[in-house]
Amino acid sequence: MEKPQSNDPLHGKTLKVIVEKLVEYYGFDTLAQLIPIRCFSHNPTVKSSLTFLRKTDWARKKVEELYVRSMPRFD
């Protein structure tokens, strides 16, 4: 019996994969303009961004929303 496919576009995506893809596509400078949070604008790294986003639900939600909106551009 097959499991139904999830309609969630974030299904199976880790926060690390999401952040890495956004940084690869936009770069930290543009990310800081799109989502004005300090982890993207002051000495940004993927690691420091992940640390902040894992602790801060509202910021993580904004990053996930940007990722979903940007998905068509990634292919």
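Just so we're clear, the structure is a prediction, and the values are computed from it rather than from any experiment.

A. Structural detail: the nonpolar core. Residues Val 19, Leu 22, Leu 31, Ile 37, Phe 40, Leu 53 and Val 63 are the most contacted members of the largest nonpolar core, which totals 21 residues. Residue contributions to this core peak at nine residues, all from helix H1 (residues 15-34). Excluding anything up to four places from it in sequence, Val 63 contacts Ile 18, Val 19, Leu 22, Ile 35, Phe 40 and Leu 53.

B. Focus on the packing of H1 against helix H4 (residues 57-74). The N-to-C vectors of H1 and H4 enclose an angle of 95°; their axes lie 10 Å apart at closest approach. Classed by the angle they form, the pair H1 and H4 counts as roughly perpendicular. Residues Leu 15, Ile 18, Val 19, Lys 21, Leu 22, Tyr 25, Tyr 26, Leu 31 and Leu 34 of H1 form the contact with H4, whose own contacting residues are Arg 60, Val 63, Glu 64, Leu 66, Tyr 67, Ser 70, Arg 73 and Phe 74. A per-class count over the contact of H1 with H4 returns 12 nonpolar, one polar and four charged.

C. Representation of helix H3 (residues 46-55) in the model. Taken residue by residue, H3 has Ser 49, Leu 50 and Leu 53 as its buried positions. Projected down its long axis, H3 carries its buried residues within an arc of 100°, all on one side. Away from the buried face of H3 by more than 90 degrees, exposed residues Lys 47 and Lys 55 are located. At its buried positions, H3 is contacted by H1, helix H2 (38-41) and H4.

D. Quick peek at the packing of H3 against H4. Axis separation between H3 and H4 bottoms out at 5 Å; the angle between their running directions is 115°. The orientation of H3 with respect to H4, classified from their angle, is roughly perpendicular. Where H3 approaches H4, its residues Phe 52, Leu 53 and Lys 55 are matched on the opposing element by Asp 57, Trp 58, Ala 59, Arg 60 and Val 63. Residues belonging to the contact of H3 with H4 are distributed by class as follows: five nonpolar, no polar and three charged.

E. Expanded view of the pattern of salt bridges. Counted under the stated rule, the structure contains four salt bridges. Lys 16 is paired through a salt bridge with Glu 20; the nearest N and O atoms lie 3.4 Å apart. Of this pair, Lys 16 and Glu 20 both sit in helix H1, four residues apart, which is roughly one turn of the helix. Residue classification places Glu 20 among the partly exposed residues on the basis of a relative accessible area of 35%.

Criteria and cut-off values
- Residues numbered from 1 in each chain as written.
- Predicted model: local features only at pLDDT ≥ 70, side-chain atom pairs only at ≥ 80, totals over all residues.
- Heavy atoms only, no water.
- Core = buried A, V, L, I, M, F, W, Y, C linked by side-chain atoms within 4.5 Å.
- Buried < 20%, exposed > 50% of the residue type's maximum accessible area, 1.4 Å probe, protein only.
- Helix = DSSP H or I, 4+ residues; strand = E, 2+ residues; numbered from the N terminus.
- Contact = heavy atoms within 4.5 Å.
- Axes fitted to C-alpha atoms, helices over the stretch in contact; angles between N-to-C directions.
- Parallel < 35°, antiparallel > 145°, perpendicular 65-115°, else oblique.
- Nonpolar A, V, L, I, M, F, W, Y, C, P; charged D, E, K, R; others polar.
- Arc of directions from axis to C-beta.
- Salt bridge = Lys/Arg side-chain N within 4 Å of Asp/Glu carboxyl O.

So yeah, pure geometry; function would need other evidence.
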